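What follows is each chain in one-letter form.
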Amino acid sequence: MTGGPALDANVHFSLRVPPNWFELDVHPATREASIRELVRERIAQVPELRERRGEITKLLRDQAAAAWDAGAVYCAGMAEPVHDGVLPATVTVFLLPGPLGANSDEPDRTEALLPMLTPKEAKDENDTWTRVRAFELEGCGRVARSHGIEDLAPEPGKSIRVAQMQTFVPIPEVNRILLVSCSSPATAVAEGLFDLFDALTGTLRLEQG
């Protein structure tokens, strides 16, 4: 389990990731050495990863850099060997402003969040899609979630298709949102990834004090 930084109104968060995930140091001054040590430790545990050391290191470095650039407060990644390469996935936590005009005293603020999320039906089996819902997340209250297969543009002229799940958690007493964003380019195994992402997000806890 990791304890996140203090958020507004003296709220902290915690999130658990599986033992085969790397909790990433996203700060530019320290992440290179930290990631190299993480990979070294992982290879010592799983020697078959040795031949993919460079690939895994680059994946984690890119994930940490992207998280830092996006303003993340926490990031963890997975890079598991598969028959034709490496299966990557990330979970990133962001602290965001709440919807304009939302009342932090309202017991249910998900109604203000849902209009920000747009569902989409796939036109065919190769198209992207997004589903949206609100539900009770244990330990966090009512939240809003979108998940699906989406095309992202990490930089101009470059597009990548990912399986993505984003869960928006209102923080008590202030108009702030904790966003737990999980993604992976391994869309061929999307359904299994969605189960994993749901389980990861389900470990989130907001803690007062």
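Residues numbered from 1 in each chain as written. Predicted model: local features only at pLDDT ≥ 70, side-chain atom pairs only at ≥ 80, totals over all residues. Heavy atoms only, no water.

(A) Examining the overall build of the chain more closely. The helix and strand tally for the chain stands at 4 helices and 10 strands. Listing the helices and strands of the chain from first to last along the sequence gives β-β-β-α-α-β-β-α-β-β-β-β-α-β. Put simply, the chain has 209 residues, and 46% of those count as buried. Taking all contacts inside the chain whose residues are at least 6 apart in sequence as the whole, residues at least 24 apart take part in 54%. (Helix = DSSP H or I, 4+ residues; strand = E, 2+ residues; numbered from the N terminus. Buried < 20%, exposed > 50% of the residue type's maximum accessible area, 1.4 Å probe, protein only. Contact = heavy atoms within 4.5 Å.)

(B) Structural context of the packing of aromatic side chains. Applying the stated rule across the entire model yields 2 aromatic pairs. Between Phe13 and Tyr74 the ring centres are 6.5 Å apart and the planes differ by 75 degrees, which places this aromatic pair in the edge-to-face class. Separated by 61 residues along the polypeptide, Phe13 in strand S2 (residues 11-15) and Tyr74 in strand S4 (residues 72-82) bring together distant segments of the chain. Tyr74 matches Phe13 in its accessibility class, with the two residues each being buried. With centroids separated by 5.9 Å and ring planes inclined at 70 degrees, the aromatic side chains of Trp129 and Phe194 adopt a geometry described as edge-to-face. (Phe/Tyr/Trp six-rings, centres within 6.5 Å; stacked < 30°, edge-to-face > 60°.)

(C) Quick peek at the environment of Val11. Residue placement: Val11 occurs in strand S2. In sequence terms Val11 and Glu173 are 162 residues apart; their C-alpha atoms lie 9.7 Å from each other.

(D) Seen up close, the pairing of strand S8 (residues 158-170). When S8 meets strand S9 (residues 176-184), the two strands line up antiparallel, connected through 8 bridges. The residue bridging Pro170 from the neighbouring strand is Ile177, located in S9. The turn joining S8 and S9, which pair antiparallel and follow one another in sequence, is formed by 5 residues; a positive phi near 75 degrees is taken by Glu173. (Pairing = 2+ DSSP bridges.)

(E) Representation of helix H1 (residues 31-45) within the structure. When the terminal C-alpha atoms of H1 are compared, their 21 Å separation across 15 residues agrees well with the 21 Å that a helix rising 1.5 Å per residue should span. Every buried residue of H1 is listed here: Arg31, Ile35, Leu38, Val39, Arg42 and Ile43. The arc that holds the buried residues of H1, viewed along the axis, is 130 degrees, so those residues lie on one side. (Expected span 1.5 Å × (residues − 1). Arc of directions from axis to C-beta.)

(F) Layout of the pattern of salt bridges. Counted by the stated rule, this structure contains 10 salt bridges. The closest approach of N and O atoms between Asp62 and Lys58, which form a salt bridge, is 2.7 Å. Of this pair, Asp62 and Lys58 both sit in helix H2 (residues 53-69), separated by 4 residues, roughly a single helical turn. The class for Asp62 is partly exposed, based on a relative accessible area of 38%. The class for Lys58 is partly exposed, based on a relative accessible area of 47%. Notably, a salt bridge pairs Lys120 with Asp127, separated by 2.9 Å at the nearest N-O pair. Exposure remark for Asp127: the relative accessible area of 18% places this residue in the buried category. Here the salt bridges share partners, and the residues they tie into one network are Glu32, Arg36 and Arg61. (Salt bridge = Lys/Arg side-chain N within 4 Å of Asp/Glu carboxyl O.)

(G) Representation of the nonpolar core. Formed by 34 residues in total, the largest nonpolar core has its most connected members in Trp21, Val91, Val169, Leu178, Phe194 and Leu204. Looking at this core, the elements with two or more residues in it are S2, S4, strand S5 (85-97), strand S6 (129-137), strand S7 (141-155), S8, S9 and helix H4 (190-201). Per element, the largest residue contribution to this core is 5 residues, and it comes from H4. Once you skip the residues sitting within four places of it in the chain, Val91 turns out to touch Leu15, Val17, Trp21, Tyr74, Cys75, Ala76, Val180, Ser181, Cys182 and Leu200. In this structure, Leu49, Ala79, Leu117 and Phe168 belong to the second largest nonpolar core, which totals 24 residues. (Core = buried A, V, L, I, M, F, W, Y, C linked by side-chain atoms within 4.5 Å.)

(H) View of H2. Taking 1.5 Å of rise per residue, the 17 residues of H2 would be expected to cover 24 Å, and the 24 Å separating its terminal C-alpha atoms lies within 8% of that figure. Summarising the contacts, the buried residues of H2 are in contact with strand S3 (22-23), H1, S4 and S5.

(I) Highlighting the confidence of the model for the chain. Within the chain, residue pLDDT values average 86, and 89% of them lie at 70 or more. Within the chain, the element-level pLDDT minimum falls on strand S1 (residues 2-3), averaging 48, and the maximum on H4, averaging 97. (pLDDT = per-residue confidence, 0-100.)

(J) Seen up close, the side chain of Thr128. Here Thr128 is to be found in the loop between helix H3 (110-113) and S6. In this view, Thr128 contacts Lys120, Glu121, Ala122, Ile149, Glu150, Asp151 and Arg161; residues no more than four positions away in its chain are not counted.

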